Amino acid sequence: MDFQINDIANPKLYGDPARLQSFYAWLRAEHPVARAEPEGFRPFWVVSRHAAIREIERQPEIFNAGPRNTLMPIMVEQANRQYFGFEAGVYSLVVIDGERHQELRGLTQNYFLPKNIRKLEALIGDLARQYVSRLDDLGGACDFAADLAFWYPLRVAMTILGIDETDEARMLHLTHELFGSSDPDIVRPGMTQAEHLVAVNQDYVAFFDEVTKDRQANPRDDVATLIANGRPGDRDMTPAERMGYYIIIATAGHDTTAASIAGGLKALMDMPGEIERLRADRNLVKSFANEAIRWTAPVKHFFRNVVEDYELGGVMLRRGDHVMLSYGAATRDEAAFEQADMFRLDRGLNNHLAFGYGPHMCLGQFLAKLEIEAFFHALLDKVETIEPHGPAIYTEAAFVSGIKSLPVKYRLREKDGLTEPTGRPEIAAAQ
Ligand code: HEM
């Protein structure tokens, strides 16, 4: 195919997964450290191999996470600077470096450790069954993404954060608006992308300011209370730090997990016999869930900012340069994974980079795995057959993207005992 490095910034590429994977393969093979200079964006390097991304993430003192952290048009960066004082718009954990990052991460880190996530197993199992039981009322066909996959991880994230179910639809809409701002279906009518993002951020601020007031007056056992009242490093959080914290917890966990669930199901449906194999051997659900995350790599990239000159794979990166870490490409790197372009639900060692690596490695990784495992246990208990019922549609977005519509038809298991859960091995968090 006829590719150019600058295609990396074209949202349409992400709406066409086959083309995207060919593009990534071309990058890894021929341009592993490539210079991109797409119109409307500041130039940057694209790094696509697994080993090179680890090399970078292992050295956070040379490769800072901020200030440039994701791919945004110059217009958006300028609007963010003007309205919020910094180019990323949202000042969250992922753009903060050094000691302050550790202090802020430390505020909620314990909550997300495997031993604590394991305490949520029953709750998450119940939510998984509750959302999967929506299939009872959908008449044998549905949009698996829009009817189920989006909602379940959202409820989990909102439960942890402490946001009422009545605000859920609003939160889902804001997340889609934040991550999908380059998708013409999503941008607010009559607004430029920059105006749209500023408006979305202002809506978040209005919403979470109320949450802060409430949790300061009425503390509860939830993550919002930690954020509202926390004093990491023995000092108050700035309003931007606090807002960034709410937004990352409210957004990072559900769209990504939903994309892995929908993409994992699509992969299963595309491989004849694999659903039956997974149902017959529930021990495979754990490796299946992690493979679904590798396969979908919902977070396509983060950026790093070069603090001192560094030679990477024979290319000189200069102080002040910016580097895109292409997790999307690295998760299919043949040098890191056997049969990298095959979905293998029994893949053993699977040290993919879909959760990143180093000091910013995903805080919610154990939760995400637990959620996906619980969901597929519930689904396998519920459906006898499930198959595609129209083409899957993918979000056109270069940062977080995945399936936004997955038409399926299905047949539920008979009520003759087949609906009984068939055994639930221990969860990912127990590892
Ligand atoms: C399949 C699901 C998920 C994927 C693919 C994913 C991916 C990522 C990636 C790539 C990073 C940045 C890592 C780096 O810079 O090296 C990250 C950070 C983060 N994720 Fe996730 N994530 C997922 C689910 C979750 C969940 C469920 C939560 C929980 C609320 C969560 C919360 C966070 C937070 C708070 C950070 C920032 C950590 C830091 O900068 O210190 N994520 N995630």
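Predicted, not measured: the structure shown is a model, and the values here were computed from it. (Residues numbered from 1 in each chain as written. Predicted model: local features only at pLDDT ≥ 70, side-chain atom pairs only at ≥ 80, totals over all residues. Heavy atoms only, no water.)

1. Thoughts on the layout of surface pockets
Okay, step 1: Each pocket or cavity is described by its volume, and for the second largest pocket that value is around 540 Å³.
Okay, step 2: What lines the second largest pocket is a set of 30 residues, and nearest its centre among them are Pro17, Gln21, Trp295, Arg332 and Tyr394.
Okay, step 3: At the level of elements, helix H2 (17–30), helix H14 (254–270) and helix H16 (284–296) are the ones that each hand at least two residues to the lining of the second largest pocket.
Okay, step 4: No other element matches H2, which puts six residues into the lining of the second largest pocket.
Okay, step 5: Considered class by class, the residues forming the lining of the second largest pocket number 14 nonpolar, eight polar and eight charged. (1 Å grid on protein atoms, 1.4 Å probe; cavity = no way out; pocket = protein on both sides within 12 Å on 5 of 7 lines; lining within 4 Å. Points joined across faces, edges and corners; volume = space filled by probe spheres on them. Helix = DSSP H or I, 4+ residues; strand = E, 2+ residues; numbered from the N terminus. Nonpolar A, V, L, I, M, F, W, Y, C, P; charged D, E, K, R; others polar.)

2. Structural notes on the coordination of the iron atom of the ligand
Octahedral six-donor coordination of a metal ideally yields angles of 90 or 180 degrees, compared with 109.5 degrees for tetrahedral four-donor coordination.
Okay, step 1: Its sole protein donor being Cys362 (SG), the iron atom of the ligand sits 2.3 Å from that atom.
Okay, step 2: Structurally, Cys362 is set in the loop between helix H17 (327–330) and helix H18 (365–382). (Donors = N, O, S within 2.8 Å, 3.2 Å for Na, K, Ca; no water.)

3. Some thoughts on the pairing of strand S8 (residues 322–326)
Across a regular strand the side chains alternate sides, sitting on one face of the sheet and then on the other.
Okay, step 1: Along S8, five of the five residues are buried, which leaves the element largely enclosed by surrounding structure.
Okay, step 2: Burial of the side chains of S8 extends over both faces: His322, Met324 and Ser326 are buried on one face and Val323 and Leu325 on the other.
Okay, step 3: As judged from the three bridges shared by strand S2 (residues 44–47) and S8, these two strands associate in the parallel manner. Residue pairing across strands places Val47 opposite Leu325, the latter belonging to S8.
Okay, step 4: Here five bridges tie strand S5 (residues 301–306) to S8, and the two strands are oriented antiparallel to one another. Across the sheet, the residue bridging to Phe302 is Leu325, located in S8. (Buried < 20%, exposed > 50% of the residue type's maximum accessible area, 1.4 Å probe, protein only. Pairing = 2+ DSSP bridges.)

4. Thoughts on the site of the ligand
Okay, step 1: Taken together, the neighbourhood of the ligand is formed by 30 residues, with Glu57, His101, Arg105, His360 and Cys362 sitting nearest.
Okay, step 2: Here an oxygen atom of the ligand sits 2.7 Å away from a polar atom, N or O, in the side chain of His101.
Okay, step 3: Within the contact set of the ligand, an oxygen atom lies 2.8 Å away from a side-chain nitrogen or oxygen of Arg304.
Okay, step 4: The set of elements that each furnish at least two residues to the shell around the ligand consists of helix H5 (98–109), helix H13 (239–252), H14, S5 and H18.
Okay, step 5: Residue composition of the shell around the ligand, by class: 19 nonpolar, eight polar and three charged. (Near = heavy atom within 4 Å. Polar contact = N/O pair within 3.5 Å; in protein donor to acceptor, adjacent residues only side chain to side chain.)

5. Re the environment of Gly263
Okay, step 1: Position of Gly263 among the secondary structure elements: in helix H14.
Okay, step 2: Residues Gly263 and Lys404 lie 141 residues apart in sequence; the distance between their C-alpha atoms is 9.8 Å.
Okay, step 3: When sequence neighbours within four positions are dropped, the list of residues in contact with Gly263 reads Trp295, Thr296 and Ile403. (Contact = heavy atoms within 4.5 Å.)

6. Topic: H2
Okay, step 1: Between its first and last C-alpha, H2 extends 20 Å over 14 residues, near the 20 Å set by a 1.5 Å rise per residue.
Okay, step 2: Within the sequence span of H2, burial applies to Leu20, Phe23, Tyr24, Trp26, Leu27 and Arg28.
Okay, step 3: Of the surrounding elements, those touching the buried residues of H2 are helix H1 (11–14), strand S1 (33–36), S2, S8 and H17. (Expected span 1.5 Å × (residues − 1).)

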